[in-house]
Amino acid sequence: MIGKWIGKRMVMGLIVLFIVSFLSFFIMQVAPGDPAIAFYGGNAQTLTAAEIERITRAYALDRPVAEQYVAWLGETVKGNLGISYKEGRPVFEIIMERLPNTVLLFSVTMFCIVIGSLWLGTVAGMRANSIWDRGLSTISIATSSIPPFWLGILFIYVFAVSLGILPSSGSGDVGGNGGMVDKIRHLIMPASVMIVTHVGIYARFLQESIKRENGQYYVKVARANGVLERSIRNGIVRNASIPYLNYIAMTIPSFFGGSIIVESLFAWSGIGQLTVKAVVTKDFPLLMGSIMVTGVLVVITLFIVDLIMYAIDPKLRKGGIR
Amino acid sequence: MKLRKALLFWYSLLGLIVLLTVFSTILAPYSPNDMNMDEIYSAPSSDHWLGTDHLGRDVFSRLLEGGKVTLVVASGSVILSLFIGVVYGGISGYFGGVIDTVMMRLLEALITIPALIIILVFQVIIQGGMWSMALLIGLTGWLVTARIVRSEFIRLKEEEFVKMANMLGTPVWNILWSHLLRNSIPAIFVVTLFNFAAAIFMEVSLSFLGIGIPPAIPSWGNMLYYAQNDILIGAWWIGLFPGIMIFLTILAINFIGEAWKNPERRRVND
Amino acid sequence: MIEVRDLSIHIQGKHITHHMDFTIPRGNITSLIGESGSGKSLTVSALLGMLPDDAKVSGSIMYEDRNVLDASDQEMENVRKQDIFTIFQDASNSFNPSVKMGRQLYAFSGERVGDSLQVFNEKMHVILDKLGLGWEVVEQYPFQLSGGMLQRCMIACAFYVEPALLIADEPTSALDMVLQKEFIQLLIRLNEEKGTTIFLITHDLDIVAEAAHEMIVMQQGRIVETGKVETIFSHPQHAYTKRLLESRF
């Protein structure tokens, strides 16, 4: 059962990556000048005729577009993402330097959002019509209407400019001697901006699905029979978390989009900031690489969410309904 | 009763914002692009209600003009995404079967790719003005609409009156138009409202990154782009007010959308 | 054990029950019979102190010197936990679909009486054997078991808890004939072995004839007749009861 299910998910992930790779390849095609030279960016002038010949062969540049795509895809899968136009270094290397920062920011924010929304959503959902219930419904709409980068600007003004207690930008690795504490100090603002603007809407979704679950027949039966409230609540949250996880999976792409902007604002040197920089400086190989990596990140994250769902929902495992 | 009042408030707020921006040319005390190098970074005062920016331009005037640009771009893109979404979702929902499966798989894959990434890619190539921005946001914003239209069509197709119409030999276009589409309007309206909020978000985000609307045209996002640096020297007014406008606009749309969503949900369950 | 006096319930201006008077004597099986929609399920909710928020009630339900309708939520929660076990109609929806049966059986029985998991495992093992359910059900999820098995799991918990009062709200209506018979036998066994008072709600006269000592006949929210089962079967007073009895054969 699990084999079949994972297989289906993998195929979906591959389709997504194919579309992303088309996008990326499309950039190479429309980039000005000879694609191969564009791909080798700033080093193009220094290439000898023999090297150009080699590149042309490797990327099948004298062949039809379809074959070029296959050749390019082959190189990409091997980890050869070309050379950055601006930095003159392999794109793969640059991305690998940046990747830990993005993963750190993403996992810290996602972790806090999940914990926070589980707590808020459960408290509000289990007490229908309480202040918590109505309060969360309103506040979540309000917080999700705040543009994250604007909140970031306000944060910078308050905490960096006025109070001077937090660094306004960077990810702490410039001097390289700050260690963990420095890293955390840099992380606080970008992470809290993402958390504040997202936790409410996730909590609200959970709250709604808990309220729906709370009206289920089995809950009535359990209450009538003096089952401990704690056991009832755990059961409800477990069931309500299945649509909640689905919702997380659905919103993860736009969450990645949001973190691109927040990374740029705080000059957090991750993949998102890199992508924007590549667009602004028209560094095509770098842009192609960042897009591919973002695609891979999204697909991996979704796969993890799927695995969690698989673990929680016995119906998926036992091949019941759905 | 209380809810109605609140809703009325959000309608009025949204209406007010739209009116302010529509009549920006009349209402603005200065021309939005008038530079005054003697008055750069002046804080809010009776001359400049909301202060001036790094080129001495009046923030209030730019706020009104910028709102117009932002709202026009958002509206244009929403109309486009509505059209694509209805056509795509309609075809998928009406025909069903293999067509539906293939179209929905493709849609699921597309939904997985952050829209911002797609727009970035095209923006680096086109680098156009307002309208190309609207085009790009519209081209990436139709996915949810398509999904809703599809599920509405599938639901309605099974309804008695549609089956009747089919049996009576009503022409296909008539069924599509007067039965399926007309009855999907409430759901489409709600998703379009939320789409509108998302489009505003997208425009301001891109312009904020400096890769959206060209810097020469004021928009709420562009104003925030400069605010990033201005805030560091303490000029808080440049960033504060456009943000408040964006926040209030999206807030109003979201509350209106929620209010429309709920009776809709009840109706479907009945 | 329970005395209901002048009980009227209405929800959103609609009368569900009118001035009901009846008694549930201790140690007996009392059956409430009436067609669906006659207000039986809401009466059960009232007995349990679990009426929906928008319900308005008048009258009294005395449960051992205590009026259920005046008791606080907390008090009723304790009463339900200590004295009452309720089996509902729809067994296949009575359990949380994503939690293993073992955990849920424990929540319904051992946990509520304060037994440790070990004690529960030993005791439940014996009961499941007695009811013809294998121990392996504890490793399964509700959707892997049939309605009949789930209902037997419920009664297994009742056997475990040995409540002072067992309320069974149409427990067999989702089961087929053979399972129905079996289930009723289990109820009778519980009554005879443990002396459990049972309040059995049903629309099926055969079940009443087979199991109950006392019966209450309900029609459109009103009690039309109460008494010993034999008496009512041989000398029905009310027209509705007569009709019911006639249609039985």
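Here the residue index of a chain counts from 1 through its sequence in written order. Chains and ligands are labelled by the order in which they are written, letters from A for the one and numbers from 1 for the other. In keeping with the predicted nature of the model, local features appear solely for residues at pLDDT of at least 70, side-chain atom pairs appear and are counted solely at 80 or more, and the whole-chain, interface and lining totals rest on all residues. Based on all heavy atoms of the structure, the side-chain values leave hydrogens and waters out of the count.

1. Let's talk about the overall build of chain B
Stage number 1. Comment: elements are numbered from the N terminus, with helices defined as DSSP H or I runs of at least four residues and strands as E runs of at least two. Along the backbone of chain B there are eleven helices and zero strands.
Stage number 2. Element order for chain B, N to C, with α for helix and β for strand: α-α-α-α-α-α-α-α-α-α-α.
Stage number 3. Its C-alpha atoms put chain B at 75 × 50 × 30 Å along the principal axes.
Stage number 4. Scored against the burial criterion, the 270 residues of chain B give a buried share of 51%.
Stage number 5. Any two residues having at least one pair of non-hydrogen atoms within 4.5 Å are treated as being in contact. When contacts within chain B are restricted to residue pairs at least 6 apart in sequence, long-range pairs at least 24 apart make up 69% of them.
Stage number 6. With residues, only the protein chains shown are counted as cover, and all accessible areas are computed by Shrake-Rupley using a 1.4 Å probe. Within the structure as shown, chain B displays about 12,500 Å² of accessible surface, and the carbon and sulfur contribution to it stands at 69%.
Stage number 7. By the counting scheme adopted, Arg and Lys are positive, Glu and Asp are negative, and His together with the chain ends is not counted. A charged residue contributes its charge at one atom only: NZ of Lys, CZ of Arg, CG of Asp or CD of Glu. When the 17 basic and 18 acidic side-chain charges of chain B are each reduced to a single mean position, those positions are 13 Å apart. Residue exposure (1.4 Å probe, protein chains only): buried if accessible area is under 20% of the type maximum, exposed if over 50%, otherwise partly exposed.

2. Brief notes about the pairing of strand S8 (residues 197-202) of chain C
Side-chain positions along a regular strand alternate between the two faces of the sheet.
Residue and element names in this part refer to chain C.
Stage number 1. Most of S8 is tucked away, with six of its six residues classed as buried.
Stage number 2. Burial along S8 is two-sided: Thr197, Phe199 and Ile201 facing one way and Ile198, Leu200 and Thr202 facing the other are all buried.
Stage number 3. By the bridge criterion, five bridges tie strand S3 (residues 29-33) to S8 in an arrangement that is parallel. When the bridges of S8 are listed, Leu32 appears paired with Ile201.
Stage number 4. By this definition, two strands are paired if DSSP reports at least two bridges between them. Alignment of strand S7 (residues 165-169) against S8, held across five bridges, turns out to be parallel. Bridged to Leu165 within S8 is Thr197.
Stage number 5. Crossover S7 to S8 through helix H7 (residues 177-194) is right-handed. By definition, the crossover connecting two strands over a helix is right-handed if that path, from the first strand to the second, turns clockwise as seen with the strands pointing away from the viewer.

3. Quick look at the interface of chain C and chain A
Stage number 1. Contact with chain C, which involves 26 residues of that partner, is made by 21 residues of chain A.
Stage number 2. Looking at the side of chain C facing chain A, the largest losses of area belong to C:Phe88, C:Ser98 and C:Phe143, adding up to 26% of the total buried there.
Stage number 3. Within this document, salt bridges are pairs made up of a side-chain nitrogen of Lys or Arg and a carboxyl oxygen of Asp or Glu, the two lying within 4 Å of each other. Where chain C touches chain A, the interface holds zero salt bridges.
Stage number 4. Nitrogen and oxygen atoms within 3.5 Å of one another constitute a polar contact, given that in protein one can donate a hydrogen and the other can accept it, and given that sequence-neighbouring residues count only through two side-chain atoms. Where chain C meets chain A, there are twelve residue pairs in polar contact (both at pLDDT 80 or more).
Stage number 5. Of all elements in the fold, only helix H2 (73-83), strand S6 (84-87), helix H3 (101-108) and helix H4 (110-113) of chain C reach the threshold of two or more residues within the side of chain C that touches chain A.
Stage number 6. When the residues that make up the side of chain C that touches chain A are grouped by side-chain class, the tally is 13 nonpolar, seven polar and six charged. A 1.4 Å probe defines the accessible area here, and the buried area is the portion of it lost by two parts on being joined, summed over both. Residues were grouped as follows: Ala, Val, Leu, Ile, Met, Phe, Trp, Tyr, Cys and Pro as nonpolar; Asp, Glu, Lys and Arg as charged; and all remaining residues, including Gly, as polar.

4. Considering the side chain of B:Asn222
Residue and element names in this part refer to chain B.
Stage number 1. Within the secondary structure layout, Asn222 lies in helix H10 (residues 220-230).
Stage number 2. According to the relative accessible area criterion, Asn222 is buried, its value standing at 4%.
Stage number 3. A polar side-chain atom of Asn222 sits 2.7 Å from the main-chain carbonyl oxygen of Ile217.
Stage number 4. Setting aside residues no more than four positions away along its own chain, Asn222 makes contact with Ser207, Ile213, Pro214, Pro215 and Ile217.

5. Description of the packing of aromatic side chains
Aromatic ring pairs are described here by two measures, namely the spacing of the ring centres and the angle between the planes.
Stage number 1. Here is the rule: rings of Phe, Tyr and Trp (six-membered ring for Trp) pair when centre to centre is within 6.5 Å. Planes less than 30 degrees apart are stacked, more than 60 are edge-to-face, and the remainder are tilted. Under the defined criterion, the tally for this structure stands at 27 aromatic pairs over all chains.
Stage number 2. Relative to A:Tyr69, the ring of A:Phe25 lies with its centre 5.2 Å away and its plane at 75°, an arrangement referred to as edge-to-face. Taken together, the positions of A:Phe25 in helix H1 (residues 2-30) and A:Tyr69 in helix H4 (residues 65-77) put the pair 44 residues apart, joining distant regions of the chain. Exposure class is identical for A:Phe25 and A:Tyr69. Each is buried.
Stage number 3. Here the aromatic rings of B:Tyr88 and B:Trp142 are separated by 4.8 Å at their centres, their planes lie at 50°, and the arrangement is tilted. Taken as a pair, B:Tyr88 in helix H3 (residues 59-95) and B:Trp142 in the loop between helix H6 (130-140) and helix H7 (143-157) lie far apart in primary sequence, 54 residues in all.
Stage number 4. Three or more aromatic residues link up through ring pairs in this structure, and these residues are A:Phe18, A:Phe22, A:Phe25, A:Tyr69 and A:Trp72.
Stage number 5. For C:Lys123, the ring lying beneath its charged end belongs to C:Tyr160, and the centroid distance is 4.3 Å. Geometrically, a lysine NZ or arginine CZ counts as sitting over a ring once it is within 6 Å of the ring centre and also within 35 degrees of the ring normal.

6. A word on the sheet that holds S6(C)
Hydrogen bonds between backbone groups are what pair the strands of a sheet, and the pairing can be parallel or antiparallel.
All names here are of chain C.
Stage number 1. Overall, mixed pairing links the six strands, which are arranged S6-S7-S8-S3-S9-S10 in an open sheet. Looking along the sheet, the strands with just one partner apiece sit at the ends: S6 and strand S10 (222-228). For this sheet the average axis-to-axis angle between neighbouring strands, irrespective of direction, equals 15°.
Stage number 2. On top of the sheet, H2 reaches S6 and S7; it is set at about 80° to S6, its chief contact. Axis geometry follows a simple rule: fit a line to the C-alpha atoms, using only the stretch in contact for helices, then measure angles between N-to-C directions, giving values from 0 to 180 degrees.

7. A short note on unusual backbone geometry
All names here are of chain C.
Stage number 1. At Glu64, a position not held by glycine, the phi torsion is positive, near 45°.
Stage number 2. Counting through the fold element by element, Glu64 comes out in the loop between strand S4 (55-63) and strand S5 (66-67).
Stage number 3. For Glu162, which is not glycine, the phi torsion reads 45° and is therefore positive.
Stage number 4. Structurally, Glu162 is set in the loop between helix H6 (147-161) and S7.
Stage number 5. Overall, Glu162 belongs to the partly exposed group, its relative accessible area being 42%.

8. Points about the confidence of the model for chain B
All names here are of chain B.
Stage number 1. Per residue, pLDDT measures the predictor's confidence, with a range of 0 to 100. Within chain B, residue pLDDT values average 85, and 96% of them lie at 70 or more.
Stage number 2. Of all secondary-structure elements in chain B, the lowest mean pLDDT belongs to helix H11 (residues 236-269), at 80, while H3 reaches the highest, 92.
Stage number 3. Low pLDDT (under 50) marks residues 264-270, which in the prediction has four contacts with non-local residues, meaning those over four places away or in another chain.
Stage number 4. Across the interface, the model reports ipTM at 0.87; the global pTM reads 0.87.

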